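# Understanding the architecture of this molecule
Chain residues, written in single-letter form:
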Amino acid sequence: MSLIPVSSSLIPTPRIWVSHPIDSRVSLSATTVRSFSVAATNLPLAIDGCHVFYGGACKFSNWFCRLKYWIHRNVDLRRVSRKHERGNDFRNAQIQDEDYSKECAKRNLSHEDRVSEGASAISLPNDSSEGLKDTTSQHGETSLPNVQPSVSTGIATSMESPPSFSAEGAPETTSLHEENSDPNVELHISTRTAASLESPSSSPHIGSSIVAAWKGGAASLGIAVIGATGELARNKIFPALFALYYSGFLPENVSFFGYSRKTLTDEDLRSMIASTLTCRIDHQQNCGDKMDAFLSRTYYLNGGYDNKEGMSKLHDRMELIEDESKANRIFYLSVPQEALLDVATSLAENAQTKKGWNRVIIEKPFGFDPVSSHQLTQSLLSRFQEDQLYRIDHLLGRNIIENLTVLRFSNLVFQPLWNRTYIRNIQIIVSEDLAVQMQGRYSEEYGIIGDIIQSHIFQTIALLAMEPPISLDGEDIRNEKAKVLRSIRKLEPSDVILGQYKASSEDKVHTYSDTLTPTFFAAALFIDNARWDGVPFLIKAGMGMIKHRVEIRIQFHHVPGNLYRARIGHNSDLATNELILRDVPDEAILVRVNNKIPGLGLQLDASQLNLLYKDKYNAEIPDSYEHLLLDVIDGDNHLFMRSDELAAAWNILSPVLQEIDKKNIAPELYELGGRGPVGAFYLWAKHAVRWADV
């Protein structure tokens, strides 16, 4: 008969950690045990959450292989960085699983040849504890007085199936009984585990069965696109979801639902979106198979004109496909602003799951002015929690935005310079040329202000100017952004330039000739806090411009007492140190510095140190919708506006909007394909800032 020492530190679900042998004079609940020997019977016990395994070398080897496999799955795979490495690591882990399963099976077969399984010295009848007491005392081990064994069939799990996982991915540990100082400890015996260990241990299918059980234990994810037949859903949302699915960022038990008022079938929707799905250059392998798998998981529901009834039908359809015990849902509201409240209300009342979390993505505009935005916010918060709402702006999903905090807080060279002592001004430029689709882009009232300024520009300023958050948690970052937005001085009409491009029907663009809708906005903002006092933040956004350019320019002060002033020339601005974060046309980080031109004599030149992404990184940059949708799935909300941020942004703009309403401000006309209104040049000159060539 073999005696096998089992260390409880190997067990993944300990209630207490053991440190010395059981003493028969001490109650088990007050005792910690490091290791002990047990006779060779294939029966595991769970005492106060600590598992005691009885078995011969063969059975113990089999159990240990499975335990090591479980640790490999839940430590190495589950902790992998979801955003950057999960897709590749998941595929690599599957290959390793197959190899490891074969190794375990081979090792178990060799043990079967060498070890006899005839020895059995412990008997534990279901209705008595005497067998346990007698058997343990046979071998000089401690007897366990006042222990009442009982069989727990519902909570113990077979080692053939790994522990189930909660929605957050953590293993669900089943407590056999709560910690108790009472010496009359109740002993629960896992008959399922015992049964599994008595089954043949040489099965070559350990890996595949555990993988299947692991996938089945995770919460299912349902993603419903409301307004599925619209242009945004067809061209952006579904392609982004497919890219995430193909890259391995979505769970296996994911399903997609399209909802609209059109009379379509599942196949109609699949045909509609199939032409928009593409695989990136670096993801061409098995593209067709993945596309077929994605489309087979896509379903359609005609919601009709009664959203309450339609959302009830959507709920029922999703429940048919979801996991019975755990299910999470995401609702993407790609609907017109005027339909948003009705859809959101019906969704809140009829379509939310009670088996997991619900998250709602809302497209801009988030109201048309401070009043309508406040009303919309109050209506949404009366039906959803703040952490359920994700106000999406696709421009915030660009890599340059995510890189702002990385550049600021992970580089010592920039940290001490990021304040009014060294920075002279900051310019944020978003100009779109004729190649950018503009037809019906803006609302007729505030145009570019509600589309770009109120959301994208102000969020960019907040990330640029905020204090270091206490962590990278989304709420910590949003707290700091909100502080910045509340510190921004209300805009004075004298510091704002509005423009509208001149166009005719022959130009094939939307014309605003009968309205005052601005297509260009320039302004000087000031942040009233200790870090940025007196530093102008100059913003410029326009459509129909000469170039398509998106960049942030951070200009530093002149060098005090510069010894080379005479060599610089009369235009000292050309020699100003500048940090440029460029998104379009080619993503890059540029630093302008002064240096000596090689050769005889002393001649200075302002040169750029250039980190061009396409030269440095051989990778295709994901679409911004992919980035933001993955953040929603992960629950990362730092790039989504919170309600207080939204209110603060509208508050900054309120004086200008009031003047527009009173028609005291009229947009200045500029040529389509030009450089924008002339007034913007004077605004830059007013604040002693050199106009960037845009």
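Not measured: the values here are computed from a predicted model. (Residues numbered from 1 in each chain as written. Predicted model: local features only at pLDDT ≥ 70, side-chain atom pairs only at ≥ 80, totals over all residues. Heavy atoms only, no water.)

A few words on the packing of aromatic side chains. Summed over all chains, the structure comprises 12 aromatic pairs. The interplanar angle of 70° and the centroid separation of 5.4 Å between the aromatic rings of Phe242 and Phe294 together place this pair among those described as edge-to-face. Taken together, the residues Phe242 in helix 6 (residues 231–246) and Phe294 in helix 8 (residues 287–296) connect sequence positions 52 residues apart. Accessibility classification places Phe242 together with Phe294 in one group, the buried group. Seen in terms of ring centroids, Phe256 and Phe294 are 4.5 Å apart; in terms of plane orientation they differ by 45°. Their pairing is tilted. Of this pair, Phe256 sits in strand 6 (residues 254–260) while Phe294 sits in helix 8; the two residues are 38 residues apart in sequence, bridging distant segments of the chain. Residue Phe256 shares its accessibility class with Phe294, and that shared class is buried. Ring pairs connect the aromatic residues Phe242, Tyr245, Tyr246, Phe256 and Phe294, which therefore count as one cluster. The ring of Trp357 is capped by Arg359, whose NZ or CZ atom sits 3.6 Å from the centre of that ring. Sitting over the ring of Trp684, Lys540 keeps its end group 5.0 Å from the ring centre. (Phe/Tyr/Trp six-rings, centres within 6.5 Å; stacked < 30°, edge-to-face > 60°. Helix = DSSP H or I, 4+ residues; strand = E, 2+ residues; numbered from the N terminus. Buried < 20%, exposed > 50% of the residue type's maximum accessible area, 1.4 Å probe, protein only. Lys NZ or Arg CZ within 6 Å of the ring centre and 35° of its normal.)

Moving on, we come to the nonpolar core. Phe294, Leu314, Leu333, Phe458, Ile461, Phe521 and Ile539 are the most contacted members of the largest nonpolar core, which totals 125 residues. Sort the elements by how many residues they give to this core and helix 13 (residues 448–465) lands first, with 11 residues. Residue contacts for Phe294: discarding those within four places in its chain leaves Phe238, Leu241, Phe242, Tyr245, Phe256, Ile273 and Leu277. Ala522, Met545, Tyr670 and Trp691 belong to the second-largest nonpolar core, a separate cluster that totals 16 residues. (Core = buried A, V, L, I, M, F, W, Y, C linked by side-chain atoms within 4.5 Å. Contact = heavy atoms within 4.5 Å.)

With omega at 5°, the peptide bond leading from Lys364 into Pro365 counts as cis. In this fold, Pro365 is placed in the loop between strand 9 (358–363) and helix 11 (370–381). In this chain, Val584 is followed by Pro585 through a cis amide linkage whose omega measures 15°. Within the fold, Pro585 resides in the loop between strand 16 (578–584) and strand 17 (588–596). One non-glycine residue, Lys663, lies in the positive phi region at around 60°. On the secondary structure map, Lys663 appears in the loop between helix 18 (643–661) and strand 19 (668–671). Relative accessible area serves as the criterion here: at 62%, Lys663 is assigned to the exposed category. With a phi angle near 55°, Ala688 is a residue other than glycine that sits in the positive phi range. Examined against the element boundaries, Ala688 turns out to sit in the segment after helix 19 (678–686).

Attention now moves to the pattern of salt bridges. Under the definition given, this model contains 24 salt bridges. Put simply, Arg270 and Glu267 hold a salt bridge, and the shortest N to O gap is 2.8 Å. On the criterion of helical spacing, the pair formed by Arg270 and Glu267 is a turn pair, its members being 3 residues apart in helix 7 (residues 266–274). Its relative accessible area of 48% is what places Glu267 among the partly exposed residues. (Salt bridge = Lys/Arg side-chain N within 4 Å of Asp/Glu carboxyl O.)

By themselves, these figures tell us nothing about what the structure is for.
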